[in-house]
Amino acid sequence: MRLASLTKKFHTKTSTTNLSSLLSKCNAISLPNRFFHTNSFTLNDSNTTNNNNQSFTIDTTKEINCNELPIYVKIEESNIPPSVSDKIGRNLHKQLNHPLCIIKTIIQNHFLKNTNNSTIQLFDDFHPKVTTLQNFESLCFPTDHTSRQPQDTYYFNSYHLLRTHTTAHQVELLKKGFNNFLISGDVYRRDDIDATHYPVFHQMDGVKLFKKNDFKELLRNGEIIGKRNEDGVLVEVKRKNNNEGFEVLKEEEEEQLAFELYCLNELKQDLEGMAKSLFGSDIEMKWINEYFPFVEPGIELEILFRGKWLEVLGCGLIRKEIMQNANYDTTENVGYAFGVGLERLAMILFDIPDIRLFWSQDNRFLKQFNQNIVNDINLLLNTKFKPYSKYPGCYKDISFWIDGKKWSDNDFYEIVRELAGDLVENVSIVDDFVHPKTGKRSKCYRIMYRSMDRSLTNEEIDNIQFKLRELIPNKLSVTLR
């Protein structure tokens, strides 16, 4: 399962030459339905609002001039299938009583009520169609990074795609002056077919910036304390509370390091509180160092849940190159960022075994969840998905010789998913070998068909498999075995 937008697939440092000027020229923001000619929007979340009950309107009349954008991957035609495009606008994260909306609301409420985030802004209505600039260049992706390829990403054309992470909106919001916000929305990736992967899923990103001048004021007032390791190196900085093992830091003393460690501690406190809001105050947690593409240093929060350590989210301090793309002086400003996958949290918390269920319109699933549990931790922790039936599965194998050198499993998975839809529970590779004499590669896939709502007939599955065998040689460079 993915760790939200902070995917571990990354990256060598990429040049940001001329990127700031390009970002300023392309100074448009992809807001609600902007690709349906909406001129502006008002932020007004029906589930939670900010503390001052303010709404925010942002002008979206300026479209990005695509002639200004470089093309790193030329797209001849869109690779977005109908099964994916049909899900644009479903917005499961905004549907009251849906488990994804419940998770989103709990996180929003935590940051609105229980942290020093009185000015936090909530965004959950951005249209998923973004530019390559927003999704890749603004976040310092290398020009040849694998996630740019159409095998991994859904493209409208060479300039526009379905966002692969909600982080695609981070730089543009920072450039608009928002410095403390949460973004939630649907994201899209071509991926495996199994119980934890789906081409559409939902993420929430959080960002908060800190000014060094505010930190200096805390230093001057003697409100900042620090802890050193046995070599005398400063390793932890926070506000005064439990002073055991800490010393009061003086102004100018290792100022930049102290500032960054302070921001990192604020991040940990905010996210530990979020985990308690979801899993209860007694949940055991630990932090481990980890690499994530958009932050440095990167850390990962794990929780001890039912005897197992589970990854919850990735986070860290925003990379300096990304801050610079948003026109911030990195000697005076530091920001934290985190990303969570809403499906992942919901599956852990509610015992939901299959990611396909989130798209079910069967009342036997939907009626098991109620938005009111966001206000009652006991109800929340006692809400568990109860399987209403386990219908029998049926598996079929398909094997073929690959005629060309290029091959992507995702291309095959896309055809299977488009033909069979959510009747496919899992696709696994059961054989992959190269013939010792001819040098040709052979692959065999096992497709497990199982409906979540009804029993499938052998005739129905045989018909799908027959169509698949007809379609595969026409779509891919393969010879059936």
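Residues numbered from 1 in each chain as written. Predicted model: local features only at pLDDT ≥ 70, side-chain atom pairs only at ≥ 80, totals over all residues. Heavy atoms only, no water.

A. Examining the environment of Lys268 more closely. By the secondary structure assignment, Lys268 is in helix H7 (residues 255-279). Here Lys268 falls in the partly exposed class, since its relative accessible area comes to 26%. Sequence separation between Lys268 and Trp287 is 19 residues; the distance between their C-alpha atoms is 8.6 Å. Lys268 has contacts with Trp287 and Ile299, leaving out every residue within four places of it along the chain. (Helix = DSSP H or I, 4+ residues; strand = E, 2+ residues; numbered from the N terminus. Buried < 20%, exposed > 50% of the residue type's maximum accessible area, 1.4 Å probe, protein only. Contact = heavy atoms within 4.5 Å.)

B. Region of interest: the environment of Lys320. With respect to the helices and strands, Lys320 occurs in helix H8 (residues 320-325). Overall, Lys320 belongs to the partly exposed group, its relative accessible area being 43%. As for Lys320 and Thr330, which are separated by ten residues in sequence, their C-alpha atoms are 6.2 Å apart. Among residues more than four places away in sequence, those in contact with Lys320 are Glu260 and Thr330.

C. Fine view of the sheet that holds strand E10 (residues 247-248). Across the sheet, which stays open at both edges, the three strands sit in the order E9-E8-E10 with antiparallel pairing between neighbours. In this open sheet, the two edge strands, each paired with only one partner strand, are strand E9 (234-239) and E10. Each of strand E8 (224-228) and E9 is contacted by H7, which is oriented at about 60° to E9, the strand it contacts most. (Pairing = 2+ DSSP bridges. Axes fitted to C-alpha atoms, helices over the stretch in contact; angles between N-to-C directions.)

D. Expanded view of the sheet that holds strand E11 (residues 284-289). A sheet is described by the order of its strands in space; here seven strands give the open sequence E3-E6-E7-E14-E13-E12-E11, paired in mixed fashion. Two strands close off the open sheet at either side, each with one partner strand: strand E3 (121-123) and E11. On average, adjacent strands in this sheet sit at an angle of 20° to one another, irrespective of strand direction. Where strand E7 (residues 200-211) meets strand E14 (residues 333-341), nine bridges bridge the pair, whose relative direction is antiparallel. Bridge pairing in E14 places Gly206 opposite Phe338.

E. Quick peek at unusual backbone geometry. Between Glu296 and the following residue, Pro297, the backbone shows a cis peptide bond with an omega angle of 0°. Position of Pro297 among the secondary structure elements: in strand E12 (residues 295-305). A positive phi angle is found at Asn327, which is not glycine, with a value near 70°. Inspection of the secondary structure puts Asn327 in the loop between H8 and E14. One non-glycine residue, Asp351, lies in positive phi territory at about 60°.

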